[in-house]
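Residue strings, one per chain:
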Amino acid sequence: MVALDVFLLFVRDSRLLLALRENTGYADGQWNVPSGKVEPGEEPLAAAVREAREEVAVEVDAARLATVVHVHRHAETPRVGFFFEAESWHGEPVNAEPHKYGGLRWVALDALPDNTVPYTTAGVTQYRKGITYGHLKW
């Protein structure tokens, strides 16, 4: 069994939108891009668009698959993350889930904070280098 995740890369002026995770039980205190799980019967791009609406209150008009990361963490279900670059969207991103996020921040693509979720760091690094697939163990 493999779990499917989706990530949205909102890039503006070479800066990436990040959200600080809080109160979720996973990676709290770490930065992440808007993301979530693919629900049963849902297509990954549709899941990414839904997550953008739920987490940062924007409507994504166009997105392209930027990279895929296969993750295996010791003693956990393997995961496959689809990283989509939001090419156009309506609205200004806001923290639409303050019970899960401590805030939003735009950071330089090549200067992610040290406390960025490793899964996210791997996807952003691959995106920056034009790598379409990678594997991460941690």
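Residues numbered from 1 in each chain as written. Predicted model: local features only at pLDDT ≥ 70, side-chain atom pairs only at ≥ 80, totals over all residues. Heavy atoms only, no water.

As annotated in an unreviewed UniProt entry, the protein chain is NUDIX domain-containing protein from Actinophytocola glycyrrhizae. Annotation of the protein chain in UniProt includes, under Cofactor (unreviewed entry), the sentence "Mg(2+)". (UniProt positions renumbered as here; feature names shortened; annotations may be inferred.)

**A look at the UniProt feature "domain: Nudix hydrolase" (unreviewed entry) in the protein chain**
Within this numbering scheme, the UniProt entry marks residues 1–129 as carrying the feature "domain: Nudix hydrolase" (unreviewed entry). Here residues 1–129 runs as 19% helix and 43% strand, with 29 Å between its end C-alpha atoms. (Helix = DSSP H or I, 4+ residues; strand = E, 2+ residues; numbered from the N terminus.)

**A short note on the nonpolar core**
Counting 21 residues, the largest nonpolar core has L9, L16, L18, V69 and Y119 as the members making the most contacts within it. Those elements that provide at least two residues to this core are β1 (3–12), β2 (15–21), β5 (59–72) and α2 (118–129). If you tally residues by element for this core, the top one is α2, at 4 residues. Beyond its immediate stretch of four places on either side in the chain, V69 contacts R79, V80, G81, F83, Y119, A122, G123, Q126, G134 and L136. Counting 17 residues, the second largest nonpolar core, distinct from the first, contains V38, A52, V58 and W89. (Core = buried A, V, L, I, M, F, W, Y, C linked by side-chain atoms within 4.5 Å. Buried < 20%, exposed > 50% of the residue type's maximum accessible area, 1.4 Å probe, protein only. Contact = heavy atoms within 4.5 Å.)

**What about the packing of aromatic side chains?**
For the structure on display, the rule yields 4 aromatic pairs. Ring centres 4.1 Å apart and planes at 0° place the aromatic pair F7 and F83 in the stacked group. Of this pair, F7 sits in strand β1 while F83 sits in strand β6 (residues 79–90); the two residues are 76 residues apart in sequence, bridging distant segments of the chain. Both residues of the pair, F7 and F83, belong to the buried class. Measuring from ring centre to ring centre gives 4.8 Å for F7 and Y119, while their planes differ by 65°; the resulting arrangement is edge-to-face. With a gap of 112 residues between them, F7 in strand β1 and Y119 in helix α2 connect regions that are remote in the sequence. Each member of the pair, F7 together with Y119, is buried. Cluster of aromatic residues (ring-pair linked, three or more members): F7, F83 and Y119. (Phe/Tyr/Trp six-rings, centres within 6.5 Å; stacked < 30°, edge-to-face > 60°.)

**Remarks on helix α1 (residues 44–56)**
Taking 1.5 Å as the rise per residue, α1 with 13 residues should run 18 Å; its terminal C-alpha atoms sit 18 Å apart, in good agreement. Along α1, the positions that sit buried rather than exposed are P44, A47, A48, R50, E51, A52, E55 and V56. Buried residues along α1 sit in contact with β1, β2, β4 (35–37), β5, β6 and β7 (101–108). After α1 finishes, the residue A57 shows a positive phi value of roughly 60°. (Expected span 1.5 Å × (residues − 1).)

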